[in-house]
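Fold and contact review
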Amino acid sequence: MRSRTLQRAACALSLVAALAAACSAPCGPAARAQAPAEIAVIVNKSNPVDDLPLSELREYFLAERGHWPNGGGKVRVVMLEQGAPAREAALRLIYDMNEKAYVSYFLGKKFRGETLEEPRQQASAADVIKFVSFVPGAIGYVRPEEVDASVKVLRVDGLAPGDPGYKLKL
Amino acid sequence: MIHKLSRAAGAALAAFCLALLPAARAVAQDARALTAGLSAGASDANASGGAASRRLPKRLVLLRASVGGDGGARVTISSDSPLDDCESFRDGDDYTVRIPWAVAAGAALPGAEGRFYKSARVEERGDAVLVTFALREGASARLDRGFNRLEVTFAGAATPAATPARDNAEAETIREMREQIASLEARVRELESRQPAEAAHAPAAEAAAVANADAQPAANAAHAAHGAPSQHDHDAEPTGAPRLQIQGFADVNLNASNQPGSHTSFALGQLDLFLTSRLSEKFDVLSELIVEANRSNQFTFEIHRLLLQYTANDNLRLGVGRYHTAIGYYNTAYHHGSWFQTAANRPFIFAFEGKGGILPLHNVGVQATGRVPGAPWGLRYVAEIGNGRASRSPLDAPVQTALDENNRKAFNLGLFARPKTVPGLQTGFSVYRDRLAPANAPTVGQTIGAGYVVYQNARYESLNEFVLMRLATNGRVYNTPAFYTQLSRQFGSYRPFFRYQYINVPSDNPLYADVGRRNGPAFGVRYDVSDFAAFKAQYEHTSRRRLSSLDELFLQFAFTF
């Protein structure tokens, strides 16, 4: 009797799973429409790094690497706050995550003891630039047109924003 | 006749003048020498103008000029005598004040340069003193006479006062000051932002609690309130005493099973308090405190992790304390945070020691981990040495937190790779070695090899692990193979999953024979009711050697807070 009840429960679960499989996740077209065409990755001007492969850039943003090469100090990732179009773009282009996955990812990182250095958040591009210009190990992103001379724009896979084939482009 | 007399008188007068000239020069020299010794209170008679005064000692022009006005817009020159006969003229960019019958008694003008002139010089030329200002482009000057003072007033387009070298130096100084100001502003903003965030913590949490779990604002509030990545957590440079961060994980369950003697029950799962604190740039502490009810419905409390970590760089992080042994993937990926797990329970091979698991999942000792320098594929290592697990004895707690049963220590060495070219992929293996000393029995050599291939991203999950435990005692070897595979895919808020697991402990295994063989599928679905709470429904079928099969249903709410 009890086994039969459990079998029915299992059938119900199968149905739920099948229904779930039929659902598809909305990908936020509105947010995508607002996102900038490109994002520029910026670092402190004292940072000797000028060019990074995209895969390595991801490692810095994902806290897989916590230090710059050759004793360059700790990496300080700075993000724009939720809702900023450039943040949406960075999540898609660099992290390959949505907001929820991003939060979960860093909670997991912290939980596993792999890092306590979560990305900082700044309210505006000006704040991001100021933070990056002040903190030697900082790395962040803004729209290319927002960059000023106080920070350095990194080339990604040898290409700068605006170059044909630049990868941080929607 | 008269004409001749006039001519003669003129010639005589000229001869007289010529005769007097050397004498006049001598007098002038004497006067110049004399003026050097004159006091400021020289006779006014000497100051009278006109040709007669030229015979008097020269004026002592005190070139201790003052510079006033807006950044050097006015220069004042004073003298011990009236300066009413001075004149000024401009030659190109040079503006010169000529003070006749005077000597310079002071050094150069204190304001040797200013906003309106590039340089100023003082020179004696003949009987006069010349003060010359080299004006900057667009600047002009005007001379105002007082009784015994002159004022040169400048006007026009002011330009930087500095020379190019000084320009550079001052520009550098200004740049540095601006950077310091910017850094201070950033720091102040950071400190200010922390205050309202902390103040807003309670309202945000309250909002999250009372609002509909699906409501995005509430989710955002909860997000901001408790640990979504933000600058408020773990600042790069902690100030004052270390700040303790707490993240909670918990689950509530409804379990049903066909196992004889079991009852369908609501069950409070583990309350997992995950604590972290940064002590300095390189030191931090993390801990997991678990409160849960046992099968006697009594609460137990245990420190499952307490680790002091030192991070030298990406290649070396040292930890000392109690940690989760890096055997395989599951144990160190999920620890006690059920919210992280897709399924409602752990694969049996990674069941905790207190719940019938056979692996030494907790250990007390020292661990080191980091990237392998220069290695490809994001290769990392882990090395651990600790007390290991106690032999299975009813009287022993499985984790030897305070006392080891022997002097032999357990070692665990592992390598794993996270290739940057395939984000989400992780694969690795580990070898664990210990010697167990069960009471009233021969020692048992224990070797555990584990390997895994895991792929996870926001949409897909594929966990595949294999473990082989080898026990050797009295010349015999007992191998226990185990594996599981778990697949899932995200569809919006739903994540259906499937798992198949297998473990086979030989019937004559000296330590874990009661586990026997277990294998079977499990499937279910996880539904994220909010960003930080999930509902899981799971059905599991387990075949057992010489025992009836188990059919179990697990319903679980798991959340983090």
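Just so it is clear, the model here is predicted, and its values are computed rather than measured.

1. What to know about the overall build of chain B
Along the backbone of chain B there are 6 helices and 26 strands. Counting over 561 residues, chain B shows a buried share of 34%. Pairs at least 24 residues apart make up 51% of the contacts formed inside chain B by residues separated by at least 6 positions.

2. Some thoughts on the overall build of chain A
Helices and strands together make up the secondary structure of chain A, namely 6 helices and 7 strands. Counting across all 170 residues of chain A, residues that qualify as buried make up 42%.

3. Section: helix α5 (residues 99-111) of chain A
Residue and element names in this part refer to chain A. Between the first and last C-alpha of α5 there are 18 Å, a value that for 13 residues agrees with the 18 Å anticipated at 1.5 Å per step. All of the buried residues along α5 are E99, Y102, V103, S104, F106, L107, K110 and F111. Remark: G113 follows α5 within two positions and exhibits a positive phi of approximately 75°.

4. Looking at the sheet that holds strand β1 (residues 40-44) of chain A
Residues and elements named next belong to chain A. As summarised here, the arrangement of the 5 strands in space is β4-β3-β5-β1-β6, forming an open sheet in which the pairing is mixed. Unpaired on one side and paired on the other, β4 (120-122) and β6 (151-153) mark the two borders of the sheet. Across the sheet, the mean angle from the axis of one strand to that of its neighbour is 35°, orientation sign disregarded. Both strand β3 (residues 76-80) and β4 contribute to a ladder of 3 bridges, which runs parallel. Each bridged residue has a counterpart across the sheet, and for M79 the counterpart in β4 is Q121.

5. Regarding the nonpolar core
Formed by 48 residues in total, the largest nonpolar core has its most connected members in V41, I42 and V132 of chain A. Broken down by secondary-structure element, the contributors of at least two residues to this core are β1, α3 (54-61), β3, α4 (85-95), α5, α6 (125-134) and β5 (138-142) of chain A together with β10 (244-257) of chain B. The element contributing the most residues to this core is α4 of chain A, with 6 residues. Contact partners of I42 of chain A, with chain neighbours within four places excluded, come to I129, V132, G140, Y141, V142, V147, V151, K152, V153 and L154 of chain A. L359, V467, A482 and Y484 of chain B belong to the second-largest nonpolar core, a separate cluster that totals 30 residues.

6. Concerning the confidence of the model for chain B
Residues and elements named next belong to chain B. On average, residues of chain B carry a pLDDT of 77, and 71% of them reach 70 or more. Here residues 1-6 is a poorly scored stretch, pLDDT under 50, and it has 0 contacts once near neighbours within four places are set aside; other chains count. Considering only residues more than four positions removed or in separate chains, one finds that residues 196-238, a stretch of pLDDT under 50, has 52 contacts. Prediction confidence for the complex, expressed as pTM and ipTM, is 0.62 and 0.74 respectively.

7. Side note on α6 of chain A
Every α-helix carries 3.6 residues per turn, so stepping three or four residues along brings you back to the same face. In terms of residue burial, α6 of chain A counts as a mostly covered element, since 8 of its 10 residues are buried. Among the residues making up α6 of chain A, those that are buried are A125, D127, V128, I129, K130, F131, V132 and S133 of chain A.

8. Section: the pairing of strand β7 (residues 128-135) of chain B
With burial as the criterion, only one face of β7 of chain B is covered, namely that bearing V129, V131, F133 and L135 of chain B; the residues A128, L130, T132 and A134 of chain B on the opposite face remain uncovered. Count of turn residues in the strand β6 (residues 117-125) of chain B/β7 of chain B antiparallel hairpin: 2 residues, of which G126 of chain B carries a positive phi of about 65°.

9. Overview of the sheet that holds strand β3 (residues 87-91) of chain B
Sheet strands line up and pair through hydrogen bonds in the backbone, either parallel or antiparallel. Residue and element names in this part refer to chain B. With antiparallel pairing, 4 strands are arranged side by side in an open sheet as β3-β4-β7-β6. The open sheet has two edge strands with one neighbour each: β3 and β6. Adjacent strand axes in the sheet meet at a mean angle of 20° when their direction is disregarded.

10. A look at the pairing of strand β26 (residues 547-560) of chain B
Residues and elements named next belong to chain B. As paired strands, β10 and β26 are joined by 9 bridges and run antiparallel to one another. The partner of A256 across the bridge, within β26, is L553. Relative to β26, strand β25 (residues 533-544) is paired through 11 bridges, and the arrangement is antiparallel. Note on β26: the bridge partner recorded for R544 is L547.

11. A look at unusual backbone geometry
Of note, A63 of chain A is a non-glycine position whose phi angle comes to about 65°, a positive value. Mapped onto the elements of the fold, A63 of chain A is located in the loop between α3 and β3. The phi angle at R546 of chain B is positive, at roughly 60°, despite the residue not being glycine. Within the secondary structure layout, R546 of chain B lies in the loop between β25 and β26. Overall, the presence of 7 C-beta atoms within 10 Å leaves R546 of chain B in the exposed class.

12. Some points on the environment of T311 of chain B
Residues and elements named next belong to chain B. Relative to the elements of secondary structure, T311 occurs in strand β14 (residues 299-313). Considering only alpha carbons, one finds T311 and G370, 59 residues apart in sequence, at a separation of 9.1 Å. Filtering out sequence-adjacent residues up to four positions away, T311 remains in contact with K282 and R317.

13. What to know about the confidence of the model for chain A
Put simply, chain A has an average pLDDT of 81, and 79% of its residues get 70 or more. Taken as a whole, residues 17-33 of chain A scores under 50 in pLDDT and shows 18 contacts with residues more than four places along the chain or in a different chain.

14. Description of the environment of D127 of chain A
All names here are of chain A. Here D127 lies in helix α6. Note on D127: 22 C-beta atoms within 10 Å, which makes it buried. D127 sits 49 residues away from V78 along the chain, and the two C-alpha atoms are 9.7 Å apart.

Conventions and cut-offs
Residues numbered from 1 in each chain as written. Chains lettered and ligands numbered in written order. Predicted model: local features only at pLDDT ≥ 70, side-chain atom pairs only at ≥ 80, totals over all residues. Helix = DSSP H or I, 4+ residues; strand = E, 2+ residues; numbered from the N terminus. Buried ≥ 20, exposed ≤ 12 C-beta atoms within 10 Å, placed from the backbone. Contact = placed C-beta atoms within 7 Å. Expected span 1.5 Å × (residues − 1). Pairing = 2+ DSSP bridges. Axes fitted to C-alpha atoms, helices over the stretch in contact; angles between N-to-C directions. Core = buried A, V, L, I, M, F, W, Y, C linked by C-beta atoms within 7 Å. pLDDT = per-residue confidence, 0-100.

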